[in-house]
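Inside the fold
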Amino acid sequence: MRSRRLVQLLLALVMSLGVVSVATPADAAFDRVRFGDTGWKVRVLQSRLHQLGLHSEVITSRFDAQTRDGVRTFQARRKRETTGIVDRITWDKLVAKTAEPTTEALHNIYTPGPAILAVGAQGLPVRRLQARLEQVKWWEGDVTGVFDQATAEAVTGFQTKRKIPVTGEVDRRTLDRLAEMTRKPTKAELFNIEPKGPALDARCLAGRALCVDKTSRSLRWVIDGIVQSRYDVRFGSDELPTREGAFAVFKKSRDHVSSLYDTSMPFAMFFSGGQAVHYSPDFAATGYNGASHGCVNVRDYNGVRWLFDQVQLGDKVIVYRS
């Protein structure tokens, strides 16, 4: 009797720690749904998750990563263990919070929503639409901000490819689907501003970035794809190369002096360990005859002084070859 009681206590302890779970009789008769499963029950699951904003409108009948993430979020909101597996309790709570999916929803049969943009519309919303269509290869040429017949044809092509109601007009479903597939257009994309000099790395086209091109030996200060200023720069030697990749400014020091080389590094903006963008009096004096110890040297004193005041901690630093 004592040993049986001990076993019960140990089992309760193990269950409280989440090591194992014991199915109740009701749960044992329930076929759990989990990652990798397919079938009708998954379609119903996805449709109910969509009603709660936890799955896209497109139903696939395949329990994929999106479905698992939706289940986990649903479980987390109800303070349950986020297993991503649909057990009896999860299913019952989901059913209680949602309506019975319609035949149209389960089979991806949609009806058009009210038009938000149509032929004749003008302005920034149309520019955003055209720029996003360009990202998915449904728009060519300049972004005009005018919803003309060419825009309607591009929208029609996009809707046809995505199997949503084909109207040539933009409803909420079309906008949402386009937004899922694209990024926020840059100012340069919206207003057809061509960057000067060699092509900018794609990582420099959004947000704030110090775009450092080793091929052209240039640094361009870029905001939303538009070049604000440009500087000649030099880099480290073969023994001490300037690292390439995507970084961020994590420290600024206006009157910095290197503790390792005992050299002046005015207006230093550190992005990778001890490597920084900074003014170099040696670069200003000797040009490309020398090299840095891995930093990005700038020889324009007034320019880098101005740049130092513009750059903020967290701004991107992209070092690449064009």
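In the block above lies the structure referred to throughout.
Residue numbers run consecutively from 1 along every chain, following the written order of its sequence. Totals for whole chains, interfaces and linings use all residues, but because this is a predicted model, local features are given only for residues with pLDDT of at least 70 and pairs of side-chain atoms are given and counted only at 80 or more. Only hydrogens and water are set aside when side-chain values are computed; all heavy atoms of the structure are taken into account.

**Digging into the overall build of the chain**
Of the regular secondary structure elements, the chain holds 12 helices and nine strands. Between buried and exposed lies partly exposed: a residue is buried under 20% and exposed over 50% of the maximum accessible area for its type, with that area taken using a 1.4 Å probe on protein chains only. Looking at the chain residue by residue over its 322 residues, the buried ones come to 39%. Residue contacts are defined here by distance: any two heavy atoms, one from each residue, within 4.5 Å place the two residues in contact. For the chain, contacts bridging at least 24 residues in sequence account for 53% of all contacts bridging at least 6. We get accessible surface area from the Shrake-Rupley algorithm with a probe of 1.4 Å; when it comes to residues, only the shown protein chains can shield them. Accessible area for the chain stands at about 17,800 Å²; split by element, carbon and sulfur atoms hold 53% of it. Only four residue types enter the charge count: Lys and Arg as positive, Asp and Glu as negative, with His and the chain ends excluded. Charge positions come from single atoms, namely NZ of Lys, CZ of Arg, CG of Asp or CD of Glu. Counting 47 positive and 35 negative side-chain charges, the chain places the averaged centre of each group 7 Å from the other. Elements are defined by DSSP. Helices are runs of H or I of four residues or more, strands are runs of E of two residues or more, and each kind is numbered from the N terminus.

**A closer look at the sheet that holds strand β8 (residues 296-298)**
At least two bridges found by DSSP between two strands are what make those strands a pair. Strands sit in the order β4-β9-β1-β2-β3-β8-β7-β6-β5 across an open sheet of nine strands; the sheet is mixed. Each having just a single partner strand, β4 (245-248) and β5 (251-257) make up the two edges of the open sheet. Between one strand and the next, the sheet's axes are offset by a mean angle of 30 degrees, whatever the strand orientation. Bridge count between strand β6 (residues 264-272) and strand β7 (residues 275-279): three bridges; the pairing is antiparallel. Residue pairing for β7: Phe 270 is matched across the bridge by Ala 276. Helix axes use the C-alpha atoms of the stretch in contact, all axes being lines fitted to C-alpha atoms, and the angles between their N-to-C directions lie in the range 0 to 180 degrees. Docked against the sheet, helix α12 (residues 301-310) engages β1 (208-213), β2 (218-223), β3 (226-234), β5, β6, β7 and β8, running at close to 45 degrees with respect to β6.

**So, unusual backbone geometry**
Backbone geometry places Lys 163, a non-glycine residue, at a positive phi of 60 degrees. You can see Lys 163 is positioned in the loop between α8 (149-162) and α9 (172-181). Take Lys 163: its relative accessible area is 70%, and that puts it in the exposed class. Phi at Asp 224 takes a positive value of approximately 50 degrees, unusual for a residue other than glycine. For Asp 224, the location among the structural elements is in the loop between β2 and β3.

**What to know about helix α3 (residues 40-51)**
Quick reminder: α-helices carry 3.6 residues per turn. Residues three or four places apart thus point the same way. Multiply 1.5 Å by the residue count of a helix minus one, and that product is the helix's expected span. Helix length check: α3, at 12 residues, gives a terminal C-alpha distance of 17 Å against a target of 16 Å (1.5 Å per residue), a fit within 8%. When α3 is considered as a whole, its buried residues turn out to be Val 42, Arg 43, Val 44, Leu 45, Gln 46, Ser 47, Arg 48 and Leu 49. Buried residues along α3 sit against α4 (65-77), α5 (88-97) and α6 (103-106). A positive phi of about 75 degrees marks Gly 53, the residue just after α3.

Honestly, it's all geometry; don't read function into it.
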